[in-house]
Amino acid sequence: MEILVVGGGCADCDKVYADTLEAVEELGLAADVRKVEDLVEMVRMGIMSVPALVVDGRTVSAGRSLRKKQILQLLRQETK
Amino acid sequence: MEALRAGWFFFQDQVLGMQWLNRLIGRGVAALGLDPEGLWGGILRFFLYDTVKIFVLLSVLIFVISYIQSYFPPERTRKILGRFRGLWANILAALLGTVTPFCSCSSIPLFMGFTSAGLPVGVTFSFLISSPMVDLGSLVLLMSVFGGRVAVVYVLFGLVIAVAGGTLLDKLGMERYVEDFIRSAPRLETESAALTRQDRALYARDQLLATIRKVAPYIFLGVGVGAVIHNVIPQTWVETVLGDRNPLAVVLATAVGVPMYADIFGTIPVAESLLFKGAGLGTVLSFMMAVTTLSLPSLIMLKKTVKPRLLGAFIAVCTVGIILVGYFFNALQAFLI
């Protein structure tokens, strides 16, 4: 599974990225987590509010400063 | 009619302005053995009253506003705007800017998302100007601090600057000065997920907590600076520099405000005490608009997506608009407060 954390240059985006890494570890997922900070790539993905979380090409959250608990919940739903 | 008037003033002074709290804190400060009108007692009183007031209002407001905002994600706003043309599109963009959730770090993805979907640059800029400058929260907070008339006029002028600024940028042919990678980006239609009432309440709660965490330092700083101005800086200084004796007061306040970055909630206590010390109303409002609308961090981000000509035009249009509003408000001050 591929998880993208979209958004750069703001503290919330960095936090969501760090928390996602931890969440993936905790859930023991075989996932590739990447941070997307490139503006062109953001436009291509159609992301307009950051931080956004994209799992396997699907935007599961946008414009919300998710906390770790919520990230865990989202990832659990995605893996079901 | 009289009863209605009295009711409104009660709402404005006691519910929004929480004057009862000010009296209560005054008594508490006196109980501590400090004179609530004296230097330290005054600073303490202003600080406690303003922080409590702003945090209470802010919490209620952000929750209600976020709930409303959950109906207007940027994807939806973009779709609505795409249906309108000309001046109406600018007016609608300015209005939607007041309800679309958006923090400064989202302004660039949002700008690109709007532009790549084929929205005219002028419409996008109307949105980008109104979004930080005018929102529902600032309307209520302004009412609490400056009274209803000032608040309504502030919001109206904010919208006028947004509409006029966007239209002007369009007329100047600024479309050309958007970076190529945005114009050539594919047009994407993204759907936002349907939300239940519970989802919206949850979203509103999250926004409330996140916003409080984010703006708290600015509020403490703003109220602290406000308390010092309120109690330490001599009235004559403020009057000389920012009062009606200085014809360049508005220009000065705008120039100081532009590079600063602060939330409108942190800016209001500073504005409040400057006004109390004899600064002109328009001067104070110009300062607030300049701080919230233009800031170095957002300009640096915007620079990545537009060419210098457009960036310069954007800064110029906003600055001139804000200065004009300042002089206008100063001229009208006698009728507004």
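Here the structure is shown first, and the text comes after it.
Let me sum up the structure you'll find in this document. What you are looking at is a predicted structure, and each value in this text was computed from that prediction instead of being measured. (Residues numbered from 1 in each chain as written. Chains lettered and ligands numbered in written order. Predicted model: local features only at pLDDT ≥ 70, side-chain atom pairs only at ≥ 80, totals over all residues. Heavy atoms only, no water.)

**Some details on the overall build of chain A**
A count of helical and extended segments in chain A gives three helices and four strands. Mapped in sequence order, the helices and strands of chain A form the string β-α-β-α-β-β-α. Its C-alpha atoms give chain A a radius of gyration of 11 Å, within 12% of the compact-globule value 12 Å for 80 residues. Across the 80 residues in chain A, those meeting the buried criterion constitute 44%. Relative to all contacts within chain A whose residues are 6 or more apart in sequence, the contacts with residues 24 or more apart total 61%. As presented, chain A carries roughly 3900 Å² of accessible surface, and 45% of it is formed by carbon and sulfur atoms. When the 11 basic and 13 acidic side-chain charges of chain A are each reduced to a single mean position, those positions are 8 Å apart. (Helix = DSSP H or I, 4+ residues; strand = E, 2+ residues; numbered from the N terminus. Rg over C-alpha atoms; globule rule 2.2 N^0.38 Å. Buried < 20%, exposed > 50% of the residue type's maximum accessible area, 1.4 Å probe, protein only. Contact = heavy atoms within 4.5 Å. Areas by Shrake-Rupley, 256 points an atom, 1.4 Å probe, with all protein chains shown as cover. Lys, Arg positive; Asp, Glu negative; His and termini not counted. Charge placed at Lys NZ, Arg CZ, Asp CG, Glu CD.)

**Some remarks on helix 3 (residues 68–79) of chain A**
Side chains three or four residues apart in an α-helix point the same way, a direct result of the helix having 3.6 residues per turn. With twelve residues, helix 3 of chain A should cover 16 Å at 1.5 Å per step; its first-to-last C-alpha distance of 16 Å lies within 8% of that length. Every buried residue of helix 3 of chain A is listed here: Gln70, Ile71, Leu72, Leu74 and Leu75 of chain A. (Expected span 1.5 Å × (residues − 1).)

**Some words on the packing of aromatic side chains**
Residues and elements named next belong to chain B. Within the structure shown, the criterion is met by eight aromatic pairs over all chains. Ring centres 4.9 Å apart and planes at 45 degrees place the aromatic pair Phe125 and Phe314 in the tilted group. In this pair, Phe125 sits in helix 7 (residues 121–133) while Phe314 sits in helix 17 (residues 308–336), placing the two residues 189 residues apart along the sequence. No difference in accessibility class separates Phe125 from Phe314, as the two residues are buried. Chaining the aromatic ring pairs together yields one cluster made of Phe47, Phe55 and Phe220. A cation over a ring is seen here: Arg76 above Phe72, with NZ or CZ 5.7 Å from the ring centre. Positioned above the aromatic ring of Tyr71, the side-chain terminus of Arg200 is 3.7 Å from the ring centre. (Phe/Tyr/Trp six-rings, centres within 6.5 Å; stacked < 30°, edge-to-face > 60°. Lys NZ or Arg CZ within 6 Å of the ring centre and 35° of its normal.)

**Thoughts on the interface of chain B and chain A**
Listed per partner, the contact involves 26 residues of chain B and 17 residues of chain A. Both sides of the chain B and chain A interface together cover about 1800 Å² of buried area, and 65% of this is carbon and sulfur. Scanning the region where chain B abuts chain A turns up one salt bridge. Linking Asp206 of chain B and Arg67 of chain A is a salt bridge whose minimum nitrogen-to-oxygen distance equals 3.0 Å. Run the count over chain B and chain A and you get two residue pairs in polar contact (both at pLDDT 80 or more). Residue composition of the side of chain B that touches chain A, by class: 13 nonpolar, six polar and seven charged. (Buried area = accessible area lost by both parts, 1.4 Å probe. Salt bridge = Lys/Arg side-chain N within 4 Å of Asp/Glu carboxyl O. Polar contact = N/O pair within 3.5 Å; in protein donor to acceptor, adjacent residues only side chain to side chain. Nonpolar A, V, L, I, M, F, W, Y, C, P; charged D, E, K, R; others polar.)

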